[in-house]
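Next come the chains, spelled out residue by residue.
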Amino acid sequence: MSESHDIEEYYNIAEELVLKAGKIIENAIDSYKNVQCKGIEWDLVTEYDRKIEDILQTQLSEIYPKHKFIGEETTAENKCLPKLTDDPTWIIDPIDGTTNFIHQFPHTCISVALVIRKKIEIGIVYNPLMKQFFSAKRQKGAFLNGRPIKTSKIANLSDSLIAMEPWIAKNSNYLVSVYSRMHALIQGTHGIRSLGTAALTLCYVAMGAIEAYHVESIEVWDVAAGKLIIEEAGGTVIDTAGGELDLITPRIIAACNHSIAEQLIQLFKTIVKYFKQKYL
Ligand code: IPD
Ligand code: CA
Ligand code: CA
Ligand code: CA
């Protein structure tokens, strides 16, 4: 017989722990940080990333000793991404937007999701600096500070504001595809934004502040909580090429509705083909 789960209880515990952990970010934002590089020069970490992940994981595992964890900094230390099983698994990004946190750019958050039998049941994204607490439980709606949120109703990509993160063009293999996509968005939408925090940007789609978000080369902890929050707010998160998202190796188009997601995919296909013919 499969084990029953009290999602309300899991949520209440997680909410309390995340709110407490948020104080660490609040207190640390303008103080000295020990900034280290995790291999690649732009992949930064501070003692606060490790501290928050450690606190969340230790406290959750004291209460739920059978639960599993996938956290960014533990994964980096072990140099191996754990497999997602059917067991309850907390997916933790202790600070999403570490570079923002280091620079005191106030878009930074804690992202926590609970996945059971490979379904995301709980998503929490909390920006303690702006006091924005985004949350969702599967099939129970999405909320910002306890108030229901919905994605934008805009139907045309040309009327949309889109977030994109071009940083993967630091790798020259991605130059043409990134620059061509940016060109497409500059020409085909109201504008581009780039916030440096995947989890919060997903929540901005969920609350209707932007219509869509595109990013590749991110990780499960960047996306898990925000994906549920968008879906519960009426939006969609799919693979960049269309089709279902692979949560463990995400490349995402997140959008306020399926039509905007499809329009974005089509625009990217056309423009990337054009750029390749013209410049390669
Ligand atoms: C990063 C942010 C950023 C995204 C990067 C992530 P981190 O997470 O979400 O927006 O573009 O891919 O690594 O390192 O600040 O937790
Ligand atoms: Ca990181
Ligand atoms: Ca992250
Ligand atoms: Ca992080």
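None of the values given here were measured: they were computed from a predicted structure.

(A) Main features of the coordination of the calcium ion (ligand 4). For the calcium ion (ligand 4), the full set of protein donor atoms is Glu72 (OE), Asp93 (OD) and Ile95 (O), and the range of their distances to it is 2.2 to 2.3 Å. Ordering the donors of the calcium ion (ligand 4) by residue number gives the pattern E-x20-D-x1-I. Separating the calcium ion (ligand 4) from the calcium ion (ligand 2) is a distance of 3.8 Å, and Glu72 supplies a donor atom to each of them. As far as burial versus exposure is concerned, Asp93 and Ile95 are alike and both buried.

(B) Molecular detail of empty space enclosed by the protein. According to the stated counting rule, one finds 1 cavity of 30 Å³ or more in the structure shown. By volume, the largest cavity is sized at about 50 Å³. Around the largest cavity sit Met164, Glu165, Ile168, Tyr174, Ser177, Val178, Arg181, His214, Val215 and Glu216, which together line it. Every element with two or more residues in the lining of the largest cavity is listed here: α5 (175–188) and β12 (212–215). The element contributing the most residues to the lining of the largest cavity is α5, with 3 residues.

(C) A look at the pattern of salt bridges. As enumerated under the stated definition, the model contains 11 salt bridges in all. Here Glu26 makes a salt bridge to Lys23, at a shortest N to O gap of 4.0 Å. Placement of the pair is Glu26 and Lys23 together in helix α1 (residues 7–28), with a separation of 3 residues, close to one helical turn. Its relative accessible area of 28% is what places Glu26 among the partly exposed residues.

(D) Structural detail: the pairing of strand β6 (residues 119–127). Across the 9 residues that make up β6, a large majority, 8, are buried. Judged from the 6 bridges that link them, β6 and strand β7 (residues 132–137) form a sheet pairing that is antiparallel. Across the sheet, residue Tyr126 finds its bridge partner in β7, namely Phe133. Linking β6 to β7, which pair antiparallel, is a turn of 4 residues; within it Lys131 sits at a positive phi near 50 degrees.

(E) Structural view of the nonpolar core. Core analysis: the largest hydrophobic core is formed by 41 residues, its most contacted members being Ile91, Val125, Phe134, Ile149, Tyr213, Ile229 and Ile252. For this core, the secondary-structure elements that each account for two or more residues are β5 (109–116), β6, β7, β8 (142–144), α6 (198–206), β12, α7 (220–232) and β14 (252–255). Both domains that meet at this core, namely domain 1 (3–148) and domain 2 (157–279), each give it at least three residues. Apart from the residues lying within four places of it in its own chain, the contact partners of Ile229 are Gly123, Ile124, Val125, Phe134, Ser135, Ala136, Ala142, Ile149, Cys203 and Ala206. Judged by nonpolar contacts, the second largest core, of 29 residues, contains Ala21, Phe101, Leu114 and Ile116.

(F) Molecular detail of the side chain of Thr46. Relative to the assigned elements, Thr46 resides in the loop between β2 (44–45) and α2 (47–63). A polar side-chain atom of Thr46 sits 3.1 Å from the main-chain amide nitrogen of Tyr48. Engagement of the side chain of Thr46 in a polar contact is seen with the side chain of Asp49, the distance being 2.6 Å. Beyond its immediate stretch of four places on either side in the chain, Thr46 contacts Lys33, Asn34, Val35, Thr98, Phe101 and Ile102.

Calculation criteria
Residues numbered from 1 in each chain as written. Chains lettered and ligands numbered in written order. Predicted model: local features only at pLDDT ≥ 70, side-chain atom pairs only at ≥ 80, totals over all residues. Heavy atoms only, no water. Donors = N, O, S within 2.8 Å, 3.2 Å for Na, K, Ca; no water. Buried < 20%, exposed > 50% of the residue type's maximum accessible area, 1.4 Å probe, protein only. 1 Å grid on protein atoms, 1.4 Å probe; cavity = no way out; pocket = protein on both sides within 12 Å on 5 of 7 lines; lining within 4 Å. Points joined across faces, edges and corners; volume = space filled by probe spheres on them. Helix = DSSP H or I, 4+ residues; strand = E, 2+ residues; numbered from the N terminus. Salt bridge = Lys/Arg side-chain N within 4 Å of Asp/Glu carboxyl O. Pairing = 2+ DSSP bridges. Core = buried A, V, L, I, M, F, W, Y, C linked by side-chain atoms within 4.5 Å. Domains from an automatic or database assignment. Contact = heavy atoms within 4.5 Å. Polar contact = N/O pair within 3.5 Å; in protein donor to acceptor, adjacent residues only side chain to side chain.

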